Amino acid sequence: MNFFLETLKFIVLFIYYLLESLVFFIVPVWKKNVSGEIVLITGAGSGIGRLLAKKFASLGATVVLWDINQEGLNCAARLARENGAGRVHSYVCDCSKRQDVYRVADQVKKEVGDVSILINNAGVVIGKRFLDTPDPLLEKTMDVNTMAHFWTYKAFLPAMIAANHGHLVCISSCAGLHGGSQVSDYCASKFAALGFAESIDEEMRALKKTGIKTTIVCPFAINTGMFDGVKSKWPHVLPVLDPEYVAERITRAVRQNQEMLFIPRLVYVLYFLKSFLPVKATVLLLDYFGISDSMTTFKGRPKKE
């Protein structure tokens, strides 16, 4: 009897969640109010991080900006203030260094308060073939793109658990869904970040901390300079993404408590097909869309930036 009841419960909930997801995908849903929330964004000095600071500032959040670059931080802070942020706090922090993360996190807790929305956005890409990449650069990729998530969660998650309130945002990548040439270290770091975020989400569910939400973001290449030179074979269906559009989609996903966000939507289809297609068919599909060799024209962000 227990087996029958458990199975029936599973089927009912499974169908309900499928329908809920379908409605969510088609119909705009209520967006939560983030006014007064303390939003910490790593890598806020440029690109998507800076735009997210602007978005959350315009919604009345207190924004805390972290970056290794002081000039970029000043620009992001100014932009946030111009867009209505009640409070803006910026800190120089090297997210690749555990002790630096812990030190600045303690400073934030004393000077601002407990972070309630954590956006791990800081990232680096080397863009070289694996055997051509120096060991220190491989380590840097993992330290910034993966290990920094460990240290920020260690610093800010306990307060979220105590309050049963918070939101953890992992900016992963399409490279965290499928391996690619000239991005072996980047793919490894983004796979790891995604797996880590999913695992912590499961831990929160096991602890019955339903007030702590998780959003994992997997975008294709974004036109911020970080992937300068990368081109799309079919830009109408798989474009190099506009930063403003990506920032808006991420902000909306956070406000709707959306667990997974793939940008553009074609990625949902490709990810689904990958789950059951033979490897050779998957490679053929990626070749058709030009994803397999998209890094051959990679230049990266100019050194002066």
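The structure displayed is predicted, hence computed values, not measured ones.

Engineer: Sorry, what's going on with unusual backbone geometry here?
Structural biologist: Trans is the prevailing form of peptide bonds, just as negative phi is the prevailing case for residues other than glycine. At the junction of Ile263 and Pro264, the peptide bond is cis and its omega measures out at -5 degrees in the coordinates. With respect to the helices, strands and loops of the structure, Pro264 is situated in the loop between strand E7 (260–263) and helix H8 (266–274). A positive phi angle, near 70 degrees, is found at Gln182, a position not held by glycine. Note on placement: Gln182 falls in the loop between strand E5 (166–171) and helix H6 (184–206). Its identity is not glycine, yet Lys208 carries a phi of approximately 65 degrees, on the positive side.

Engineer: Help me understand the sheet that holds E5, please; the structure alone is not making it clear to me.
Structural biologist: To summarise the sheet geometry, strands pair through backbone hydrogen bonds and adopt either a parallel or an antiparallel arrangement. Reading across from one edge, E3-E2-E1-E4-E5-E6-E7 is the order of the seven strands in this open sheet, with parallel pairing throughout. Where the open sheet ends on each side, the last strands, each with one partner, are strand E3 (88–92) and E7. Strand-to-strand twist of the sheet, defined as the mean angle between neighbouring strand axes without regard to direction, takes the value 15 degrees. As defined by bridge partners, strand E6 (residues 212–219) adjoins E7 across four bridges and the pair is classed as parallel. Following the sheet pairing, Val217 is matched in E7 by Leu261. Helix-sheet contacts for helix H5 (residues 135–163) involve strand E1 (38–42), strand E2 (62–67), strand E4 (117–120), E5 and E6, and the interaxial angle to E4 is about 175 degrees.

Engineer: Mind showing me how you'd approach the packing of aromatic side chains here?
Structural biologist: Two measures describe an aromatic ring pair: the distance that separates the ring centres and the angle between the ring planes. Counted under the stated rule, the structure contains 12 aromatic pairs. With 6.2 Å between their ring centres and 65 degrees between their planes, Phe227 and Phe298 make a pair best called edge-to-face. Residue Phe227 is located in the loop between E6 and helix H7 (243–255), and its partner Phe298 is located in the segment after helix H9 (279–288); the two are separated by 71 residues in the primary sequence. Positioned above the aromatic ring of Trp151 is the side chain of Arg98, whose terminal nitrogen or guanidinium carbon lies 5.7 Å from the ring centre.

Engineer: What is the right way to read a nonpolar patch on the surface from this model?
Structural biologist: Where nonpolar side chains cluster on the molecular surface, the patch consists of Phe10, Ile11, Phe14, Ile15, Leu18 and Leu19 and spans about 600 Å² of accessible area. Note that Leu18 resides in helix H1 (residues 2–26). The partly exposed category is assigned to Leu18, whose relative accessible area is 48%.

Conventions adopted
For every chain, the first residue of the written sequence is number 1, and numbering continues from 1 onward in sequence order. With the structure being a predicted model, the display of local features is reserved for residues of pLDDT at least 70 and the display and counting of side-chain atom pairs for 80 or more, all residues being used for whole-chain, interface and lining totals. Values reported for side chains reflect all heavy atoms of the structure, with hydrogen atoms and water molecules removed beforehand. In this description a helix means any DSSP run of H or I spanning at least four residues, a strand means any run of E spanning at least two, and both kinds are numbered starting from the N terminus. By this definition, two strands are paired if DSSP reports at least two bridges between them. For every element, the axis is a line fit to its C-alpha atoms; helices are fit only across the contacting stretch, and the angle between N-to-C directions ranges from 0 to 180 degrees. The contact criterion used throughout is that any non-hydrogen atoms of two residues lie within 4.5 Å. Pairing of aromatic rings covers Phe, Tyr and the six-membered ring of Trp, with a centre-to-centre limit of 6.5 Å; geometry is then stacked below 30 degrees between planes, edge-to-face above 60, and tilted otherwise. Whether a charge sits over a ring depends on NZ of Lys or CZ of Arg being within 6 Å of the ring centre and within 35 degrees of the ring normal. Without a salt bridge and with relative accessible area above 30%, a residue can belong to a patch; like charges are then joined within 9 Å and nonpolar side chains (Val, Leu, Ile, Met, Phe, Trp, Tyr) within 5 Å. For accessible areas, the Shrake-Rupley method is used with a probe of radius 1.4 Å. Any residue's cover is judged against the shown protein chains and nothing else. What counts as a salt bridge is simple: a side-chain nitrogen of Lys or Arg found within 4 Å of a carboxyl oxygen of Asp or Glu. In this scheme, a residue with accessible area under 20% of its type's maximum is buried, one over 50% is exposed, and one in between is partly exposed, where area comes from a 1.4 Å probe on protein chains only.

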